[in-house]
Structure formats: structure tokens, C-alpha cells
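Given next are the chains, with one letter for each unit.
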Amino acid sequence: MSNYHIKHLEEYYQVYRKSVREPENFWEEVAEEHFLWRKKWDSVLEWDFKKPSVNWFKGAKLNITENCIDRHLTTRGNKTAILFEPNNPDEPSEHITYSELYKRVNKFANVLKENGIKKGDRVCIYVPMIPELAIATLACARIGAIHSVVFAGFSATALATRINDSDCKMVITSDGSFRGSKAIDLKGIVDEALDSCPNVTTVLVAKRTGAEVFMKEGRDVWLQPLLDNASNECPAEIMDAEDPLFILYTSGSTGKPKGMVHTTGGYMVYTAYTFKNAFQYTENDVYWCTADIGWITGHSYIVYGPLANGATTVLFEGVPSYPDFGRFWQIVEKHKINQFYTAPTAIRALAKQGTELVDKYDLSSLKVLGSVGEPINEEAWHWYNDTIGKNKSPIIDTWWQTETGGMMITPIPFVTPTKPTYATLPFIGVQPCLMDEEGNELKGNQVSGRLCIKFPWPSMARTIWGNHQRYKETYFSAYENKYFTGDGALRDEVGYYRITGRVDDVIIVSGHNLGTAPIEDAINEHPAVSESAIVGFPHDIKGSALYGYITLKGVGESRNHDNLKKEINQLISDRIGPIAKLDKIQFSEGLPKTRSGKIMRRILRKIASNEIDNLGDVSTLLNPECVQKIIDNRL
Ligand code: WTA
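None of these values were measured; they are calculated from a predicted model.

Undergrad: Quick question: what am I supposed to make of the sheet that holds strand β6 (residues 122–125) here?
TA: Pairing within the open sheet is mixed, and its eight strands lie in the order β12-β11-β8-β6-β7-β14-β15-β24. Each having just a single partner strand, β12 (220–222) and β24 (463–464) make up the two edges of the open sheet. Looking at chain direction, β6 and strand β7 (residues 146–149) are connected through four bridges and run parallel. Bridge assignment links R122 to a residue of β7, and that residue is I146.

This is the structure in C-alpha cells:
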């Protein structure tokens, strides 16, 4: 039996038990079976959640791009590695074979070197969903530079914060990006960001929209001529298994984003292994994940996981609604997609359109459907299952996080059962548990609590860039010797997990994690604002949307409130990005507070969700009188 590919339910249980009983032997066998190591490890796992410190495959040497590219050249040189589908359906798609990918990554890697980038340097990648995004990412990995991909929908301020936090000396971007009917001036955003990033010396600019852009002398360079002159060969830098591979920022409970650091060996093994099994990928399948590479889903399951398995992975530049809401299904038909991985927010938006635009296309190639990023509600699950999967393609509801690097709780299609709205069983090697608020583990089934993980897995983030203390406090301090996820979950009568949502100050809007603190900080910058509190409320399409309660300075001030709402949303858009705009803004004379002055968001959350009959315990409120007013004026 191969440990690498699980095909039957008995195998799942057998392999799972082994992965828990003897994790080191298990992961050693997986690592030996499939990958290319320049040197084997001295130890499989050394860990201590108290420090916290986790080392997988310590002492091993490798380069992840040799595993994702070079290793496939003899057997899959002419196979499509990356299938690029442009925003405009009339523009031809591009099939980049493994041999071509090898050349393009090497050329790019040489350009990085010629521009002074060395092993360990941080490079910020702010590029839309075009092949250069994946290629730049792999080129960094080729030479051991640490990539920090920033989603190209973030604002200049958000970009600058991320560039400075990890002290990137280079930014890779493009002249612009296409999204639906719009062209966006990405280079302009970079220019604005760089006004406050003194350490960036080089900007490489890919051409995409052909828009005329400002090029700063001595700093900005067009990429293409450099690539044309670069060699096709660039030896892979030999990395330590625990050398950082990338930094990826995620929201937290303070205004500052957390730069999650992922390392090389364990991340490779785990993303490759989960990809193979969770999608049951077989050699000639065409796999499509609709996420953006700017998020962890794209890192692990557009780039590294699929390529480490020699897969064909689709990279789609556009949006589900352009030129119409049939675009996803048209692509499924066109490229005969076998595995399709998307987010509940997209499913809900598409379900709303009815079936006409689905029925137009042949979806018979689909074998596995995936969902990620937020809880999938019952209705969306059934629509996905019936209308898209025609009841024959299992849905894998994959629960995981930027911090976990790879899928943690998910069905394995055709192997383990699915259940609507349930992420079901832990993946091989994952040891989840549920905790109560007092710190006791909840044993047995039919319990709900806070989701923790008891034992290290290979792709877990190792630290927060520049702030190990914050890493420890955020993830390892709530419960002794356990990784705390920030999510709540229940375990049903047979042991399946259902994720119930965040229990901290993170709100998931359309699958994007948004911390309340950075949004409130942005709002509070407005001169008319005294204070603010953001909560989530249920939304048909987005899952959750944002509701802002805002108190204004100066009582007698006459302000046009509609304008003020616009200004506040503009400020949020400038500081973070359009994804963080508020759906509802309620101005209020006061906000409910505890005696120690903390805003009672719990109450605001209930009001925003219209659960006003049961506000919970209000006895500790300092100013109960404001609550009724807020209820009366709710939107
Ligand atoms: C949520 C995305 C329910 C969860 C890979 C988690 C989910 C956060 C699911 C991480 C799911 C992700 N069911 N909730 N299948 N997948 N989440 O870092 O709250 O962008 O903590 O990683 O999304 O979001 P992130």
C-alpha cells in the first residue's frame, strides 16, 4: 500500500491511526516516497508548543522548485503545468508546459539575481492573476528569496505596511490589471505605496494592460526586456527544510497584519500530499482553483500543491460575473475541468442567477467540487451538489487557514463520506480537539467548543515575521500545549466536525478575513469621528457583511450623513481596500460599554443580526440607556 495516495475508507482509518500513533514514521515515509531531497533529514520532527518551536525534516536540503518543476521534465515536459485563462473570453488561453515553465522561472530567477536579490531577501509580489504571478513566486523560491505576495486588491497604504513590515527591497508588479470590464492602475497604487517605503530599490514591471505608466528613473524597470536577455538556466539554491519559503499576511486583532512565515520542507510535503488526496488528482486531470494567488489558497492549491504533483493547474484572471454569470461554467466546459475549487460566496452569488447559465454548458467533466474560506450554508451546499455536481461529484468542504498552510479538516472524495455544511473528518496527521472556555478538553461526541490542534503538522506557520512573541500569544497561549485556531466548531454524534465561525475579532466577508481593529483604526482617522465599532451580520451572498456603529465628535455639528458615510467608506478603501467597506453605517450618540470602558461588541452583534429579543447579560453595562436608542435606530 502506498502511503501517498489513499483510495479507500479502510485505508483512511488505517493511515490516519498510523499518522497519530507514529507521526514521525508516517511523515518520513511520505517524504521519502514522493519528493526530491538533496540531503535527507537528521530528524523528522522536533517541537515544543511552549516556546513555540516546530522543526520538520531538520537538516534536510532541497529546493521546492526542483520538486515542482525539474523533477517532472523527463516524464511531463510537454504536459501543461499552468493553463492561463484570461479575463476576456475572446483572448486565447495559454498552455505553459512544464518545460516552458522551467525556462520562464529560470529566466525570472536570473533577473532577480541580476537585480541584487539573494537568498533570504524579501521580495514583494503585487501582480494580478497572470502567469507572471506564479512565475515570479517560483523564481523567488528558485533562488531562496522569501516571497511576500500581496493580493492586488489591497490599497496603497495596505501594500506599504506589508512592504515595510518585512523590509522588502524589491517589488514586482504590472502596469495594470483587468478585472471584468475594468482596467485597474496597479502601477499607480505601487507608486503611491512606495512614497512611504524608502528601502525598495527596484520595481520590476510586467506589461499587461498596455496602459501608460510612470517609470521612476533608477528604480522602475520593464520586466520583458530583462527576461528576453536572461539565461534559461538558473541552478536551484539548495535550501534547508526549515528555511523560510514565504511570508503571507493575514488579519489579526490589532491594526497590524500578521506576516505568517512558512518554511520549505514541511510545507512542500503537506501541500502536495493534501492536494493529491483531497482532490484525488490523477495524471490527466485538469484542476482549477478560482482563488487568487494573493491568498493562501492560491499559494498552496494553485501553485505549490498542484505543481508538486505534476498537475495541470488553471490560472484565471477574471471574475465569475464577466462577461456574464456563466463564465465559470463556460471555463469548466472549455478546459474540461475535473476538479473545481471555489468559495461559498461565489457559489451563493452564482446560485442566485438561476440555472439557465449553468445548463448552457457541459459540466460532465467535473469529478470533485471543493469549497473553502468560510462556512458553507446548507442551501449553497445543495445547489453546488445538485446543480453543478449533478449529485455525482462529492463536495469537499475544506477547513484550514493561512496559518495552517494546508487543509486540515476535509472529506476525501470517494473515500470518506460528505455531509452538508460539515468539514467532516480530520485530514491524515491532523489531531483536532475542542476546548471549553475554562481550558478543558471536551471529550466524546456531540460537543461544541473552540477548535484547537494538539500536535504539529508539517505545513504549520513557524512564526510571525519579526514578532515571535505575537505568534506565541495569538496561537499558543489560550490553551496550554495547543494551537488555537480562532474558530468555534462542533463535533456531531459520529465525530464529524462542523466549523461554526470565528470566535475572535476577525470577520469573514466573501471569504476574506478582515480584522475589526484595522477597519476601526481607519474610520477613527476621520476628523468627524469620535469612536467606532465594527461587527459582522449575516448576508445572503457575502456570508457576513460589516456593520459599523459610529459616534461623532461635537454634538451640535451639522453634517450631511450620506456624504459622511461615503467619506468613511472611501477612507476604509484607501487604507485597506474596497473589500473592507461597510454595508451599513449607523451613527449613534454612544456605544454600549463595560465599566472598564470596553465596547460591548457582543450586544452590537446581536442588534446588527436583529436578535434583539435576547441580548444576553447586560448587567455589566455602564450606559444601558444607549442600547435602546441603537435598537430603535437600527438599519
Ligand atoms: C474560515 C483560508 C468554515 C475559518 C484557507 C478560518 C472556514 C479562516 C473554512 C481562515 C471552511 C476557512 N468552513 N470556515 N471550509 N475554510 N474557513 O486564513 O474561520 O483566509 O479560520 O484561510 O476562514 O481564512 P484564511
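Undergrad: Any chance you could explain unusual backbone geometry here in plain terms?
TA: Here K51 and P52 are connected by a cis peptide whose omega angle stands at -20 degrees. Inspection of the secondary structure assignment puts P52 in the loop between β1 (43–48) and β2 (53–58). For the bond running from Y322 to P323, omega is 0 degrees, close enough to zero to count as cis. Within the fold, P323 resides in the loop between β17 (312–316) and α12 (327–335). Of note, the phi angle at Q280 is positive, near 45 degrees, even though the residue is not glycine.

Undergrad: Could you clarify how one ought to interpret the site of the ligand in this entry?
TA: Residues in contact with the ligand amount to 17 residues; listed here are only the nearest, D397, T398, T402, D487 and R502. The backbone of G373 places a nitrogen or oxygen atom 3.1 Å from a nitrogen atom of the ligand. In this structure, T398 approaches the ligand through a main-chain N or O atom, which is 2.8 Å from a nitrogen atom. Coverage of the ligand by the protein amounts to 96% of the 530 Å² it exposes when considered alone. Taken together, the elements giving at least two residues each to the shell around the ligand come down to α11 (296–308), β20 (395–398) and β26 (497–502). Here the residues of the shell around the ligand are counted per class, giving seven nonpolar, six polar and four charged.

Undergrad: Just checking my understanding: could you explain the domain arrangement of the chain for this structure?
TA: Much of the literature gives interface size as the accessible area that the parts lose upon coming together. Entries for the chain in the domain assignment read domain 1 (9–319 + 398–472) and domain 2 (506–632). Its C-alpha centre places domain 1 at a distance of 34 Å from the equivalent point of domain 2. The partner domain 2 presents 15 residues to the 13 residues of domain 1 that form the contact. Surface buried jointly by domain 1 and domain 2 totals about 880 Å² across both partners, of which 55% is contributed by carbon and sulfur atoms. Inspection of the region where domain 1 meets domain 2 yields zero salt bridges.

Undergrad: What's the story with the packing of aromatic side chains in this structure? I'm lost.
TA: Aromatic ring pairs are reported here in terms of the distance separating the ring centres and the angle at which the planes meet. Counting across every chain of the model gives 47 aromatic pairs. Here the aromatic rings of F26 and Y273 are separated by 6.0 Å at their centres, their planes lie at 65 degrees, and the arrangement is edge-to-face. Of the two residues, F26 sits in helix α2 (residues 23–34) while Y273 sits in helix α10 (residues 265–279), which places them 247 residues apart along the sequence. The burial state of F26 is the same as that of Y273; both residues are buried. Between the aromatic rings of W27 and W56, the centroid separation amounts to 6.4 Å while the plane-to-plane angle is 80 degrees, which identifies the pairing as edge-to-face. With W27 in helix α2 and W56 in strand β2, this residue pair connects regions lying 29 residues apart in the sequence. Connected via pairs of aromatic rings, a cluster forms that spans Y4, F26, W27, F35, W37, W41, W56, F57, Y270, Y273 and F427. Positioned over the ring face of W222 is K207, at 4.1 Å from the centre of the ring. Taking the ring centre of Y422 as reference, the NZ or CZ of K419 above it sits at 4.1 Å.

Definitions and limits used
- Residues numbered from 1 in each chain as written.
- Predicted model: local features only at pLDDT ≥ 70, side-chain atom pairs only at ≥ 80, totals over all residues.
- Heavy atoms only, no water.
- Pairing = 2+ DSSP bridges.
- Helix = DSSP H or I, 4+ residues; strand = E, 2+ residues; numbered from the N terminus.
- Near = heavy atom within 4 Å.
- Polar contact = N/O pair within 3.5 Å; in protein donor to acceptor, adjacent residues only side chain to side chain.
- Areas by Shrake-Rupley, 256 points an atom, 1.4 Å probe, with all protein chains shown as cover.
- Nonpolar A, V, L, I, M, F, W, Y, C, P; charged D, E, K, R; others polar.
- Domains from an automatic or database assignment.
- Contact = heavy atoms within 4.5 Å.
- Buried area = accessible area lost by both parts, 1.4 Å probe.
- Salt bridge = Lys/Arg side-chain N within 4 Å of Asp/Glu carboxyl O.
- Phe/Tyr/Trp six-rings, centres within 6.5 Å; stacked < 30°, edge-to-face > 60°.
- Buried < 20%, exposed > 50% of the residue type's maximum accessible area, 1.4 Å probe, protein only.
- Lys NZ or Arg CZ within 6 Å of the ring centre and 35° of its normal.

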